[in-house]
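Chain and residue survey
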Amino acid sequence: MLTNALVFLIETAAGFFTVLLLLRFLMQWARVGRNPVGDFVNALTNFAVLPARRVIPGLRGIDLSTLVLAWLVQLVQLVLVLQIVAGPARAAIAPGIPMLALLALVMVVRLLLYIVIVIVIVQAVLSWVNPYSPLSPVLNALTRPLLRPFQRRIPPVANVDLSPLFVIIVCQLILIVLGNVV
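For the structure given in this document, a descriptive report is provided here. (Residues numbered from 1 in each chain as written. Predicted model: local features only at pLDDT ≥ 70, side-chain atom pairs only at ≥ 80, totals over all residues. Heavy atoms only, no water.)

Our focus in this paragraph is the environment of R152. Structurally, R152 is set in helix α5 (residues 136-153). Here the alpha-carbon distance between R152 and S163, two residues eleven residues apart in the chain, equals 9.2 Å. (Helix = DSSP H or I, 4+ residues; strand = E, 2+ residues; numbered from the N terminus.)

Written out as structure tokens, the structure reads:
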């Protein structure tokens, strides 16, 4: 029982921090301006991202340090959970570090896809219910790069933009492929 509680706490803390790092990455990638959500995410992640930027350089405007940190958090989570569940003796013969590193990468990609799905759904619903919400500019900036390729090819049907549906379908297909890989 104590083991389950400890695993739950580790997975919750690591998952929350990974989501924050991925949100920070998405907001930087989409060039979202200053906003309360971004300030909150930056305040909670600056302690790790700012020192990591000194070691991990960016690549063509992409902040690799946040992605590497998200991957490292998931890797540490896997190692800790394996140590707790299997015990130190059995953890030594468990899957090696390369396999855990690959699994951590898959977990980061899955979390990123789930974040994209949630953001697209919230943005679509908010655009119908309250398009002038304070969150609308942030959500629009985050989803615009994802929706634009579909909006170019798929015209609105009765003034309804179907591009969010196609983004969600593509994300789900990628999640299915990732589920079969690991």
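Now that the structure has been shown, we can carry on.
Bringing the pattern of salt bridges into the picture now. In this structure the tally under the stated criterion is two salt bridges. When the shortest N-O distance is used, the salt bridge between R34 and D39 registers 3.1 Å. For D63, the salt bridge identified is with R53, shortest N-O distance 3.0 Å. Here D63, found in the loop between α2 (36-55) and α3 (64-91), pairs with R53, found in helix α2; they are ten residues apart in sequence, far enough to count as distant. (Salt bridge = Lys/Arg side-chain N within 4 Å of Asp/Glu carboxyl O.)

Our focus in this paragraph is the packing of aromatic side chains. For the coordinates displayed, the defined rule picks out two aromatic pairs. Measuring from ring centre to ring centre gives 5.5 Å for F17 and F47, while their planes differ by 35 degrees; the resulting arrangement is tilted. Residue F17 is found in helix α1 (residues 2-29), and its partner F47 is found in helix α2; the two are separated by 30 residues along the sequence. Taking relative accessible area as the criterion, F17 reaches 16% and is therefore assigned buried. Between F150 and F166 the ring centres are 6.3 Å apart and the planes differ by 15 degrees, which places this aromatic pair in the stacked class. Of this pair, F150 sits in helix α5 while F166 sits in helix α6 (residues 163-181), and the two are 16 residues apart along the sequence. Assessed through its relative accessible area of 23%, F150 is described here as partly exposed. (Phe/Tyr/Trp six-rings, centres within 6.5 Å; stacked < 30°, edge-to-face > 60°. Buried < 20%, exposed > 50% of the residue type's maximum accessible area, 1.4 Å probe, protein only.)

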